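A look at the structure
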Amino acid sequence: MSAGMPAPMGRAAEIATRVEVFVRETVAPYEKDPRRDHHGAPTDAFVAELKDKARAAGVLTPHILPDGDHLTQRETALVLRMTGLSPLGPLACNTGAPDEGNMYLLGKVGSAEQKARFLEPLVSGRARSAFFMTEPADAGGAGSDPSMMQTTCKLDGNHWVINGRKKFITGAEGARVGIVMAKSDVGACMFLVDLPDPAIRTLRVLDTIDSSMPGGHAEIEIENLRVSADQMLGASGDGFKYAQIRLSPARLSHCMRWLGLAIRANEIATDYACRRHAFGKALVDHEGVGFMLAENLIDLKQSELMIDWCAGVLDTGSLGTAESSMAKVAVSEALMRVADRCVQVMGGTGVSTETIVEQAFREIRAFRIYDGPTEVHKWSLAKKIKRDWKAEHP
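Note that this is a predicted model, so its numbers are computed, not measured. (Residues numbered from 1 in each chain as written. Predicted model: local features only at pLDDT ≥ 70, side-chain atom pairs only at ≥ 80, totals over all residues. Heavy atoms only, no water.)

**Digging into the overall build of the protein chain**
- Scanning the protein chain from terminus to terminus reveals 11 helices and nine strands.
- A compact globule built from 394 residues should have a C-alpha radius of gyration of about 21 Å, and the protein chain, at 21 Å, falls within 12% of that.
- On the principal axes, the C-alpha backbone points of the protein chain span a range of 80 × 60 × 45 Å.
- Taking all 394 residues of the protein chain together, 54% fall into the buried category.
- Surface exposure of the protein chain reaches about 17,200 Å², of which carbon and sulfur atoms provide 56%.
- Distance between charge centres in the protein chain, computed from 46 positive and 50 negative side chains, equals 2 Å. (Helix = DSSP H or I, 4+ residues; strand = E, 2+ residues; numbered from the N terminus. Rg over C-alpha atoms; globule rule 2.2 N^0.38 Å. Buried < 20%, exposed > 50% of the residue type's maximum accessible area, 1.4 Å probe, protein only. Areas by Shrake-Rupley, 256 points an atom, 1.4 Å probe, with all protein chains shown as cover. Lys, Arg positive; Asp, Glu negative; His and termini not counted. Charge placed at Lys NZ, Arg CZ, Asp CG, Glu CD.)

**Some thoughts on the environment of arginine 128**
- Here arginine 128 shows up in the loop between helix H6 (112–123) and strand E1 (129–132).
- Its relative accessible area of 9% is what places arginine 128 among the buried residues.
- Between the alpha carbons of arginine 128 and alanine 172 there is a distance of 8.7 Å; along the sequence they are 44 residues apart.
- Apart from residues no more than four positions distant in its own chain, arginine 128 is found in contact with Asp44, Lys51, Asp99, Leu122, Gly171, Glu173, Gly174, Ala175, Arg176, Val177, Pro214 and Gly215.
- Within the local environment of arginine 128, its side chain forms a polar contact with the backbone oxygen of glycine 171, the two atoms lying 2.9 Å apart.
- From its side chain, arginine 128 meets the backbone oxygen of proline 214 in a polar contact 3.5 Å long. (Contact = heavy atoms within 4.5 Å. Polar contact = N/O pair within 3.5 Å; in protein donor to acceptor, adjacent residues only side chain to side chain.)

**Comments concerning the nonpolar core**
- With 65 residues, the main nonpolar core has Leu252 and Leu335 as its most contacted residues.
- Among the elements that make up this core, the one with the highest residue count is helix H7 (residues 239–275) (12 residues).
- Every residue in contact with leucine 335, bar those within four places of it in the chain, is listed here: Cys255, Trp258, Leu259, Ala262, Leu300, Ser303, Ile364 and Phe367.
- Counting residues in hydrophobic clusters, the runner-up holds 23 residues, among them Cys153, Ile169, Leu225 and Val227. (Core = buried A, V, L, I, M, F, W, Y, C linked by side-chain atoms within 4.5 Å.)

**Focus: the packing of helix H8 (residues 287–315) against helix H9 (residues 321–346)**
- Viewed as axis vectors pointing N to C, H8 and H9 meet at an angle of 160°, and their least axial separation amounts to 9 Å. With respect to H9, the axis of H8 lies roughly antiparallel. Between H8 and H9 lies a crossing whose hand is left-handed. (Axes fitted to C-alpha atoms, helices over the stretch in contact; angles between N-to-C directions. Parallel < 35°, antiparallel > 145°, perpendicular 65-115°, else oblique. Left-handed = near helix turned anticlockwise from the far one by under 90°.)

**Considerations on the side chain of glutamine 359**
- Looking at the secondary structure, you find glutamine 359 in helix H10 (residues 357–367).
- Discounting chain neighbours no more than four positions away, the residues touching glutamine 359 are Pro87, Ser211 and Ser212.

**With respect to the confidence of the model for the protein chain**
- Averaged over every residue, the pLDDT of the protein chain is 96; the share at 70 or more is 98%.
- Every residue in residues 4–8 scores below 50 in pLDDT, and together they form 12 contacts with partners more than four places removed in sequence or on other chains. (pLDDT = per-residue confidence, 0-100.)

**Some details on H8**
- For H8, spanning 29 residues, the distance from its first C-alpha to its last is 42 Å, which sits close to the expected 42 Å at 1.5 Å a residue.
- Where H8 terminates, the next one or two residues include glycine 317, which has phi positive at roughly 100°. (Expected span 1.5 Å × (residues − 1).)

**Considerations on the packing of aromatic side chains**
- The tally for this structure, following the rule as stated, stands at three aromatic pairs.
- For the ring pair tryptophan 160 and phenylalanine 191, a centre distance of 5.9 Å and an interplane angle of 55° mean the geometry is tilted. Here tryptophan 160, found in strand E3 (residues 159–170), pairs with phenylalanine 191, found in strand E5 (residues 187–194); they are 31 residues apart in sequence, far enough to count as distant.
- The exposure class assigned to phenylalanine 191 is buried, which follows from its relative accessible area of 0%.
- Against the face of phenylalanine 131 rests arginine 246, its NZ or CZ located 4.3 Å from the ring centre. (Phe/Tyr/Trp six-rings, centres within 6.5 Å; stacked < 30°, edge-to-face > 60°. Lys NZ or Arg CZ within 6 Å of the ring centre and 35° of its normal.)

**Regarding the state of the cysteines**
- Applying the stated rule across the entire model yields zero disulfides.
- Left unpaired, cysteine 153 is separated from the closest cysteine sulfur, that of cysteine 189, by 3.8 Å.
- Taking relative accessible area as the criterion, cysteine 153 reaches 3% and is therefore assigned buried. (Disulfide = S-S within 2.5 Å.)

Pasting the structure below:
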């Protein structure tokens, strides 16, 4: 069963078709490969092997064209959905988080020198990156509320000196490029950093419910990190402005990738329900099972349409903050329902590692937290509702 696409969009449809064939035929057979580190994530050597295969197939970093242009968001949705058909697909095709969001940000706001030094290795698939923003709760640091940031940066000659702690930093172990957020006297700042650096120390890598991201999610201590002034993105105080540029597309690309994985999980559950018999007939012919699969189709289509709608808003040049919040909530909640039903349809097989359905359930559950939990997005939307009402009723 094909993942399906809206009406073709020229170049994107052609790229998406090649990516789908590659992920289904070349990447999916690696899903039972045992090469994982002790936190369950694929090792960098394993990922490099997959990237080499994508490079040979012409589908490495497929959302960025050879001339450096980025596909539109609506086009990107077609391509990233196909990379998501396997948990290993975004790693192989170089479309996974946090690299995809970091590439987008650097492509938008990086200087020519910064792009050559930090962006090119990411686009070519020769390096991984990490985004250092979230901080430990026990230190009162920034989580869903970035204004609580405790990490500081102070100017010392032509360098900035950064100190602080970060937590849940995806891919920090093994990354070669870091984007570090800190606050100066005038506001938030972003810095590009070569990794590893002795001033950035991993305290621990957490064991988490998900297992698809190389390097896992680390707790980090930054002690007297010296960064040249020309490695700051923009000017002091621009950090939150640049975070907003990254925010909505990164939220939406999560939706794109996990939609692909949910489609694949539903394919597996459907195949199981049509082959497995109980009480004299195929499982799919039992209303309780057939209705779950029907509800999956509804949730998958609604997710596809929400992504396409939000992508269209971003393609107008809008930041799409409210729209991406709505899409993030709707899609993450819908895909969680899909993943849960897939497990339920498959019974004991669904909670085993016999198929990727079990992993899809775990990964999509974590997706409800990534880039802001559902409750924070609803709260933000409620604040907007109140602001809009006050504007109309002065």
